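Residue-level listing of the chains:
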2 protein chains.
Amino acid sequence: MLASRIHNLKESPVRELLKQIGTPGMISFAGGLPSADCFPELDLAGVKPEKLQYGASEGDLELRNKVADLLTERGVSTDPDRVLILSGSQQGIDLVAKLLIESGTKVAVETPTYLAALQVFDLFGANYAPICPSSIEVSGARLVYTNPTFQNPTGHCYSQQQRHELASACDNSGAVLFEDDPYRDLVYDQCSRTPICSYLRHSEWIYQSSFSKSIAPGLRLGYLTASETLFPHLVRLKQAADLHSCRISQAMITQLLSMENHSYREIASYYKDRRDTFDELLSQMFEDIAVWQIPTGGLFFWLQLKPHLSIDTRTILGKSINNGVAFMPGEYFYPKGIKPVSSLRLNFSNACPNQAAIGLSRLADIIRYEGTKPE
Amino acid sequence: MLASRIHNLKESPVRELLKQIGTPGMISFAGGLPSADCFPELDLAGVKPEKLQYGASEGDLELRNKVADLLTERGVSTDPDRVLILSGSQQGIDLVAKLLIESGTKVAVETPTYLAALQVFDLFGANYAPICPSSIEVSGARLVYTNPTFQNPTGHCYSQQQRHELASACDNSGAVLFEDDPYRDLVYDQCSRTPICSYLRHSEWIYQSSFSKSIAPGLRLGYLTASETLFPHLVRLKQAADLHSCRISQAMITQLLSMENHSYREIASYYKDRRDTFDELLSQMFEDIAVWQIPTGGLFFWLQLKPHLSIDTRTILGKSINNGVAFMPGEYFYPKGIKPVSSLRLNFSNACPNQAAIGLSRLADIIRYEGTKPE
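These lines cover the structure that appears in this document, whether it is placed above or below. Model, not experiment: these values are computed from the prediction.

About the cut-offs
Residues numbered from 1 in each chain as written. Chains lettered and ligands numbered in written order. Predicted model: local features only at pLDDT ≥ 70, side-chain atom pairs only at ≥ 80, totals over all residues. Heavy atoms only, no water. Contact = heavy atoms within 4.5 Å. Buried area = accessible area lost by both parts, 1.4 Å probe. Salt bridge = Lys/Arg side-chain N within 4 Å of Asp/Glu carboxyl O. Polar contact = N/O pair within 3.5 Å; in protein donor to acceptor, adjacent residues only side chain to side chain. Helix = DSSP H or I, 4+ residues; strand = E, 2+ residues; numbered from the N terminus. Nonpolar A, V, L, I, M, F, W, Y, C, P; charged D, E, K, R; others polar. Least-squares fit on C-alpha atoms with pLDDT ≥ 70 in both. Pairing = 2+ DSSP bridges. Axes fitted to C-alpha atoms, helices over the stretch in contact; angles between N-to-C directions. Expected span 1.5 Å × (residues − 1). Buried < 20%, exposed > 50% of the residue type's maximum accessible area, 1.4 Å probe, protein only. Phe/Tyr/Trp six-rings, centres within 6.5 Å; stacked < 30°, edge-to-face > 60°. Lys NZ or Arg CZ within 6 Å of the ring centre and 35° of its normal.

## Overview of the interface of chain A and chain B
Piece 1. Tallying the contact residues gives 66 residues for chain A and 66 residues for chain B.
Piece 2. Buried area between chain A and chain B, both sides added, is near 5,700 Å², and the carbon and sulfur share of it is 59%.
Piece 3. In this structure, the salt-bridge partner of D94(A) is K98(B), at a minimum N-O distance of 2.7 Å.
Piece 4. Summed over the shared surface of chain A and chain B, the result is 28 residue pairs in polar contact (both at pLDDT 80 or more).
Piece 5. Elements represented by at least two residues in the side of chain A that touches chain B include exactly helix 3 (89-100), helix 4 (115-123), helix 6 (231-242) and helix 7 (247-258) of chain A.
Piece 6. The leading source of residues in the side of chain A that touches chain B is helix 6 of chain A, at 8 residues.
Piece 7. Tallied by class, the residues present in the side of chain A that touches chain B amount to 34 nonpolar, 16 polar and 16 charged.

## As for the relation of the copies chain A and chain B
Piece 1. Of the transformation superimposing chain A on chain B, the axial component is 0.0 Å and the angular component is 180 degrees, with the fit at an RMSD of 0.0 Å. The symmetry that links the two subunits is that of a two-fold axis.

## Some points on the sheet that holds strand 5 (residues 143-146) of chain B
All names here are of chain B.
Piece 1. Pairing is mixed in the open sheet, where 7 strands are placed in the order 2-8-7-6-5-3-4. Only two strands of the sheet have a single neighbouring strand rather than two, namely strand 2 (83-86) and strand 4 (127-130). On average, adjacent strands in this sheet sit at an angle of 20 degrees to one another, irrespective of strand direction.
Piece 2. Looking at chain direction, strand 2 and strand 8 (residues 222-226) are connected through 4 bridges and run antiparallel.

## A look at helix 8 (residues 264-285) of chain B
Piece 1. Here helix 8 of chain B contains 22 residues, and its C-alpha end-to-end distance of 31 Å stays within 8% of the 32 Å for a straight helix at 1.5 Å per residue.
Piece 2. Close packing links the buried residues of helix 8 of chain B with strand 10 (300-305), strand 13 (343-347) and helix 10 (353-372) of chain B.

## Some details on the pattern of salt bridges
Piece 1. By the definition in use, this model includes 32 salt bridges over all chains.
Piece 2. Between R275(A) and D189(A) there is a salt bridge whose closest N-O contact spans 2.5 Å. Pair noted here: R275(A) is in helix 8 (residues 264-285) and D189(A) is in the loop between strand 6 (176-180) and strand 7 (205-210), with a separation of 86 residues, a long-range link.
Piece 3. Here R275(A) falls in the buried class, since its relative accessible area comes to 4%.
Piece 4. Residue classification places D189(A) among the partly exposed residues on the basis of a relative accessible area of 27%.
Piece 5. With a shortest N-O distance of 2.9 Å, E62(B) and K51(B) are connected by a salt bridge.

## Re the packing of aromatic side chains
Piece 1. The final tally for this structure, using the stated rule, is 22 aromatic pairs over all chains.
Piece 2. A ring pair is formed by Y183(A) and F300(A), whose centres lie 6.0 Å apart and whose planes are at 75 degrees; its orientation type is edge-to-face. Taken together, the residues Y183(A) in the loop between strand 6 and strand 7 and F300(A) in strand 10 (residues 300-305) connect sequence positions 117 residues apart. The pair Y183(A) / F300(A) is uniform in exposure class, with both members buried.
Piece 3. Among the aromatic residues, those joined into a ring-pair cluster are F29(A), Y188(A), F278(A), F301(A) and F348(A).
Piece 4. Above the ring of Y332(A), the side-chain terminus of R314(A) is found at 5.7 Å from the ring centroid.
Piece 5. One cation-aromatic arrangement involves R345(B) over F300(B); the distance from NZ or CZ to the ring centre is 4.0 Å.

In structure tokens, the structure reads:
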């Protein structure tokens, strides 16, 4: 007999999709994969043999020092003793859910929002309320989960004013702010990126980010900091979850952060070119069928289909994959109880421009055909 | 407002202890640290750059192939598609608890048992029943958690008959068997090590082990396999917990498992010498105050104090640490609701023989003094 929470645990569609992406010749707009062209060279020079021993649950101090510096630069008030190294930011979601969510807990989320956060919140029994960046409303929510900078899936970035508004809403309602910020280093245009938690006056908060997009996901490292009331619980939950994170990864990332030549700007410049090319392709092929905004950072375009095409894009995924093109139906990113919009999330960083042109052309044809054929 | 489960989450005494162990000059019998003398050399030769990308939640296929071979050799019926790579075996405990334990679930455990398993089971609301290797009783338990081979903390190893008895008890009661087997490669004398799950006829089961003791804990890798009914849920829970484990670690361990010269026997021979020396020291210094058995494997001696010394050893830990000697009070390893025995867990692998002699002498003196002084 399984624990009742397991009935809330759905197979992730991303996961099933990722299996298909491996098929030779598949053009994929589906994953959130950073480009391997931007990965660093592996180097063990800075990895001392002692890193093979058990380590601290909080993470190794050298790395926590570096992370505290990064956070302070961003305006987040913390210190190395209030930094927790995570096995990727997905782990932070698990720990925060354990800390704050039980059956019936109301969580305010963006609609749409990050799919794998919903998966964890569902597991622990969450119900949902929407937070709209324009008219922020967090009534009744114990927790506000936000991905304010180059959101997955929409690419949306909160303005300075929206950041202040959400901070005030948390302060006024007493909800805990959980700010998830993994994409912030992939920035292509001028925009506000100041963490919302830095504007809070008295509400409790957790802020987390990741090295998966800015360095490499295979190393599986992220980090969080939190208000003093919450932090000690999160350390204990981390210890119970996996004792501590891989120390080889920690040492490698410490080393990379110390090197002058690890430049986020070069990486961002690479992605910016891909984004601009992708936008041109979309303008050629999707203008009659979808609307989108150019994302100022991150890895995704978010397309909403025009009203004359009333397709649930989940229904065309199989056909698209059979035609060698993978994408993420936007409908998957809506929490239970919220009606999804007909939409697609398209990753622009993985396919090279030639492949992107072929893939987008095929995908637009499928949407046009399926959206206009008689029932 | 925190989730109610957080009230069950206690600070781990091991964790607090580990902080003290770092003090210069401290002689530590406290941790379960494998000896750094046995760690492999780090080598990136087999780590391809593609390992920096996101990977499969189950783990990389090359490593799953190796693990499936290891498991088959041990008599556990599985295949690479039913192997899940874990971020250390602590993670397996978290995943299994999520799958099977909710408020009030009865879990049968050895008394004493692994502290950090109790920490996780407590978090999810478990109650406990004892399983005694001699008269196995699993009545009313949904889950049976066992560490049958060189148990932490007692070092006990189930006989062949005890293994059959526990398997039968699970089959008869319908309880799920969760077999935790991280110490099995540290074997010093002839004894039965066949996994209990291999004797089951129809009960569901999870079997897990780790590379922390036989290779190196800093790489943070373990693995599990489970009956077909449970395995797919565990993969989803793994995905929700951290997407997948560090791929650099996975590649390094795959490489080490492929090398002819990575011999568990050499490592075991090193530990066996330490164990024998430690037993001699105990015979000289503890014969009047404690009883113990020589462990046939693993990293620990388990000492029960003689009846004339009625000490809760938690009360002498501070004094011992002030005298430069760290140990683990055995009382910590008992689940709530079970009266603990006056006992100590002593790790024999960390301190060199000279230091061990000094530390044990001091510790025996403290016990003799505290155990016989008038109230």
